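Chain residues, written in single-letter form:
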Amino acid sequence: MSLRRVSSIGVLTFIFSIAVVVQTWPISLSGLTKSQRFTIEELREKVQEDLPEAYMKEDLYLLRWLSAKNFDVNQAAKLLRENLKWRRENRIDTIMQEDWSQMDGDFPYTLNNFDKQGRPILYFSYGDWDIRKLAIAGMLPKLGRYFSKMFEDADMKVRAMRAQGSNITQFNMIMNMDGYNLAQHACLPCLPFYTTLSQTLEARYPGTAERVVFVNAPTVFEVVLGLIRGVLSSQARETMKIYGTDRKLWESKLLEFIDRNQFPGDL
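Residues numbered from 1 in each chain as written. Predicted model: local features only at pLDDT ≥ 70, side-chain atom pairs only at ≥ 80, totals over all residues. Heavy atoms only, no water.

## Topic: the nonpolar core
Here comes step 1: Counting 46 residues, the largest nonpolar core has Y126, W129 and L143 as its most contacted members.
Here comes step 2: Listed by contribution, the elements that provide at least two residues to this core are strand 2 (120-124), helix 6 (131-136), helix 7 (140-163), strand 3 (171-176), helix 9 (191-204), strand 4 (209-215) and strand 5 (240-242).
Here comes step 3: Considering every element that reaches this core, the biggest residue donor is helix 7, with 9 residues. (Core = buried A, V, L, I, M, F, W, Y, C linked by side-chain atoms within 4.5 Å. Buried < 20%, exposed > 50% of the residue type's maximum accessible area, 1.4 Å probe, protein only. Helix = DSSP H or I, 4+ residues; strand = E, 2+ residues; numbered from the N terminus.)

Following this line, the structure appears as structure tokens:
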């Protein structure tokens, strides 16, 4: 093993032992400057005829695309139109109506818990998922679509809660990496999936997740971590919080924004 490789592992082990704590990416209409509020109106004028759903015309929805592009109205409009095309071509508006029983059984997730602010928590035990099995069977595109369904499900839950009077704007995502290993989760045929996952969250659902939290992340996760970070913007990277296998550490960090009785799943 090269000295460079040893050094890399040593540094990553240290990082995971103390946890990577970065800023979140809040999406809120409060605190916007006058010029930023004006860009919302500019964006609306550019794209309003292209928006098929009423919620897409709301300030909060438009703010997500502006925030993703640092309030560059033209770039935000381009990204939003690309997303609308993607939604049409991939039938996202009816994705929840498809038969997902097998995927839900083999790759379960939950949206039953909430943080201290009332935001829903999208949770799944990624370490239990057999990604290699799907890759060998040529079903990674199906898994990628399943993640689109997950993000759509979480975003719909936020919108439904807002329709009932809640002031929340985002959800949190927690991935339990216990059991993660290179053979099952980062095999060569598996790797394209990670770029699909990260790009889906950033380009198709920007600003929907306030936090993306990894717990029980082993040092071998560095292989995929580098790949994910390489395709994300600096804003999206700031949503990521990565904790190693020290339960006392990651539990204390989760308790900062989640009550213990709202810890999801098997945490």
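From this point on, the discussion continues.
## Considerations on the side chain of H185
Here comes step 1: By secondary structure assignment, the location of H185 is in helix 8 (residues 182-185).
Here comes step 2: Side-chain polar atoms of H185 contact the backbone oxygen of Y126, separated by 3.2 Å.
Here comes step 3: Polar contacts involving the side chain of H185 include one to the main-chain carbonyl oxygen of G127, which spans 3.3 Å.
Here comes step 4: Every residue in contact with H185, bar those within four places of it in the chain, is listed here: Y126, G127, W129, I131, G179, Y180, C190 and Y194. (Polar contact = N/O pair within 3.5 Å; in protein donor to acceptor, adjacent residues only side chain to side chain. Contact = heavy atoms within 4.5 Å.)

## Focus on the environment of M240
Here comes step 1: Summarising the element assignment, M240 is placed in strand 5.
Here comes step 2: Taking the C-alpha atoms as reference points, M240 and E210, 30 residues apart in sequence, are found 9.0 Å from one another.

## Re helix 4 (residues 73-89)
Here comes step 1: Between its first and last C-alpha atoms helix 4 spans 24 Å; for 17 residues at 1.5 Å apiece the expected length is 24 Å, and the two agree.
Here comes step 2: Among all positions in helix 4, only V73, A76, A77, L79, L80, N83, L84, W86 and R87 are buried.
Here comes step 3: Those residues of helix 4 that are buried are in contact with helix 2 (34-47), helix 3 (59-68), helix 7 and helix 9.
Here comes step 4: Measuring from the side-chain oxygen of the N-cap residue of helix 4 to the backbone nitrogen of N74 gives 3.1 Å; that N-cap residue is D72.
Here comes step 5: Just past helix 4, the residue R91 takes up positive phi, approximately 55°. (Expected span 1.5 Å × (residues − 1).)

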